[in-house]
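# Structural overview
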Amino acid sequence: LPAMLERGDALVVVDGRTPEEFHRMNIPRGMSVPNAELVYRIHDIAPSPDTTVVVNCAGRTRSIIGAQTLINAGIPNKVVALRAGTMGWSLAGYELEHGTSRSFPEVSSEGFETGRATAEKMAQTYGVRRVDAATLDAWRQDDSRSLYILDVRGREEYESGHLPGAVHAPGGQLVQATDTWVGTKGARLVLTDDTEVRAITAAHWLVQMGWEVYVLKGG
């Protein structure tokens, strides 16, 4: 990666951790794009298929998950995970940045439509199911099953308005540390956001992990 940066290769470095972790330390030229945001935002960040997308985290887990998310999404770019992440970068003798707040741009209308179409293909491929509001309300009254309603957007978006009873569980963290938010085996999980894109991104992993998970229809 240092050689690629020095040559000026066409690449973007997206950091799949939380914004707070990115702010503490990040790789030069890196951009904070938590893993659940990747499918939603990558089309604006790397619009050319000739741009290599490098996903990093602190070590390896979230970089691998983030890179595989984009591969699962079928984007045309070359996608790689940075081995050992910021820790490996520092141990190799390279400098890290500190206090950086560099983040993703606003989603364009074209990027949104592409992201939504990409997420829909993921939902079909991985069997992500949807639930409507009326069914969700019925599940709230069902005492025979545990129900977790999880809002997978960023904190600022969650705090600006969310579904009553929904808990903030940023999607990238939810996939890596599901037990932080879900403590009951066999529970129903309903993921919410405003467009379905980020909810589908997280849900497609939870489906593969064996959870009974749904995306709130229409967001």
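It should be noted that the structure appears before, not after, this text.
Since we're looking at a predicted model, the values are computed, not measured.

## Thoughts on the pairing of strand E1 (residues 11-15)
With five of five residues buried, E1 lies mostly within the body of the structure. The pairing of E1 with strand E3 (residues 52-56) spans five bridges and is parallel. Bridge pairing in E3 links Asp15 to Asn56. Judged from the three bridges that link them, E1 and strand E2 (residues 30-32) form a sheet pairing that is parallel. Across the sheet, residue Val14 finds its bridge partner in E2, namely Met31.

## Section: the sheet that holds E1
With parallel pairing, the four strands of this open sheet are ordered in space as E2-E1-E3-E4. Either end of the sheet is taken by a strand with one partner, and the two such strands are E2 and strand E4 (79-81). For this sheet, the mean inter-axis angle between neighbouring strands, taken without regard to orientation, is 30°.

## A closer look at the pattern of salt bridges
Evaluated as defined, the whole model comprises 17 salt bridges. In this structure, Asp15 and Arg17 form a salt bridge, with 2.8 Å as the shortest nitrogen-oxygen distance. With a relative accessible area of 2%, Arg17 lands in the buried category. Residues Glu196 and Arg130 are paired through a salt bridge, measuring 2.7 Å at the closest nitrogen-oxygen approach. Here Glu196 is found in the loop between strand E8 (188-192) and helix H10 (197-208), whereas its partner Arg130 is found in strand E5 (residues 129-131), with 66 residues between them in sequence. Of the residues examined, Arg130 reaches a relative accessible area of 30% and is grouped as partly exposed.

Conventions adopted
- Residues numbered from 1 in each chain as written.
- Predicted model: local features only at pLDDT ≥ 70, side-chain atom pairs only at ≥ 80, totals over all residues.
- Heavy atoms only, no water.
- Buried < 20%, exposed > 50% of the residue type's maximum accessible area, 1.4 Å probe, protein only.
- Helix = DSSP H or I, 4+ residues; strand = E, 2+ residues; numbered from the N terminus.
- Pairing = 2+ DSSP bridges.
- Axes fitted to C-alpha atoms, helices over the stretch in contact; angles between N-to-C directions.
- Salt bridge = Lys/Arg side-chain N within 4 Å of Asp/Glu carboxyl O.

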